[in-house]
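# Descriptive analysis of the structure
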Amino acid sequence: MEARVQKILAQWGIASRREAEEMIRQSRVQINGELAYLGQKVDPQKEAIAIDGKPVSKKHRPALIYLLLHKPAGVVSTCYDPHQRTTVLDLLPKELREGSGIHPVGRLDADSTGALILTNDGELTFGLTHPRHSIAKTYRVLVKGHPPETVLHKWRQGVMLEGRKTRTAKVELIERCAEESFLEIVLQEGRNRQIRRIAQQLGYPVIKLHRTGIGQIQLQTPKEPFLSEGKYRSLKDYEIHFLQEQIIQPNY
């Protein structure tokens, strides 16, 4: 089945899609002996792919890596940033960030903090980021003001964003401060800056946004010490199995 070269290399775990695109720009990728070009579609069952003249295939993929990272504020959730900002890969040691194909699964905006999964399992990434799959993601959010129950109820039922209503969500008041409120929000979808945009629209803009967990994968568990900002750990077997199950049995 045909697919773009960079997508194939990412799914094989040889490089992230961004890294594969850069390899193509640098004339390092060949298809049947000819230089590949961006956007080129190939059938890996029928055509030979090589990097730096060396044939590659699915069996050449590096060992699979699954990490949980506590992303700090000011770090972008990409493998490469044209503005030279710190990326999530910059937080990893050289042996992990280079040549392994590791990349973030989904994104947290630069101002937000918290749980982010990194892997070089391209098939898992493709499945988890497909719109039909939805893992519950939990956030602790500090907003300006004191939203009343009527506003929280409206948020739970779904809010129109760009002509499309958001899915129902869990939104609970955790703590009222002098001029702000802490909310716990659980989403089954991840539209661009969704929480920030809804909070602004409802009149209670976000001050801080922190993702505490992705499904069963939490920054802190009874068996695990709290994962500090900028630190990472390998996922446990049960956590990897949980992610794989989300693709086999997606939530609709």
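Right, let's walk through the structure included here.

Parameters and conventions
Residues numbered from 1 in each chain as written. Predicted model: local features only at pLDDT ≥ 70, side-chain atom pairs only at ≥ 80, totals over all residues. Heavy atoms only, no water. Core = buried A, V, L, I, M, F, W, Y, C linked by side-chain atoms within 4.5 Å. Buried < 20%, exposed > 50% of the residue type's maximum accessible area, 1.4 Å probe, protein only. Helix = DSSP H or I, 4+ residues; strand = E, 2+ residues; numbered from the N terminus. Contact = heavy atoms within 4.5 Å. Arc of directions from axis to C-beta. Pairing = 2+ DSSP bridges.

## What about the nonpolar core?
Among the nonpolar cores identified, the biggest contains 21 residues, and Val141, Trp155, Ile185 and Ile195 are the most heavily contacted of them. At four residues, helix α6 (residues 194-202) tops the list of elements feeding residues into this core. With sequence-adjacent residues up to four places away left out, Ile195 is seen in contact with Tyr139, Val141, Trp155, Ile185, Leu187, Val206 and Leu209. By size, the runner-up hydrophobic cluster in this structure holds 17 residues, among which are Leu9, Ala20, Val42 and Val56.

## Quick notes on helix α5 (residues 149-157)
Residues Val151, Leu152, Trp155 and Arg156 constitute the buried set of α5. Viewed end-on, α5 has its buried residues packed into an arc of 140°, placing them on one side of the element. Residues of α5 that are buried make contact with β13 (170-176), β14 (180-187) and α6.

## Quick notes on the pairing of strand β15 (residues 206-214)
With two bridges connecting them, strand β9 (residues 113-119) and β15 associate as parallel partners. Directly across from Gly114, in β15, lies its bridge partner Arg211. Across seven bridges, strand β10 (residues 137-144) lies against β15 in antiparallel orientation. Counted as the bridge partner of Leu142 is Lys208 from β15.

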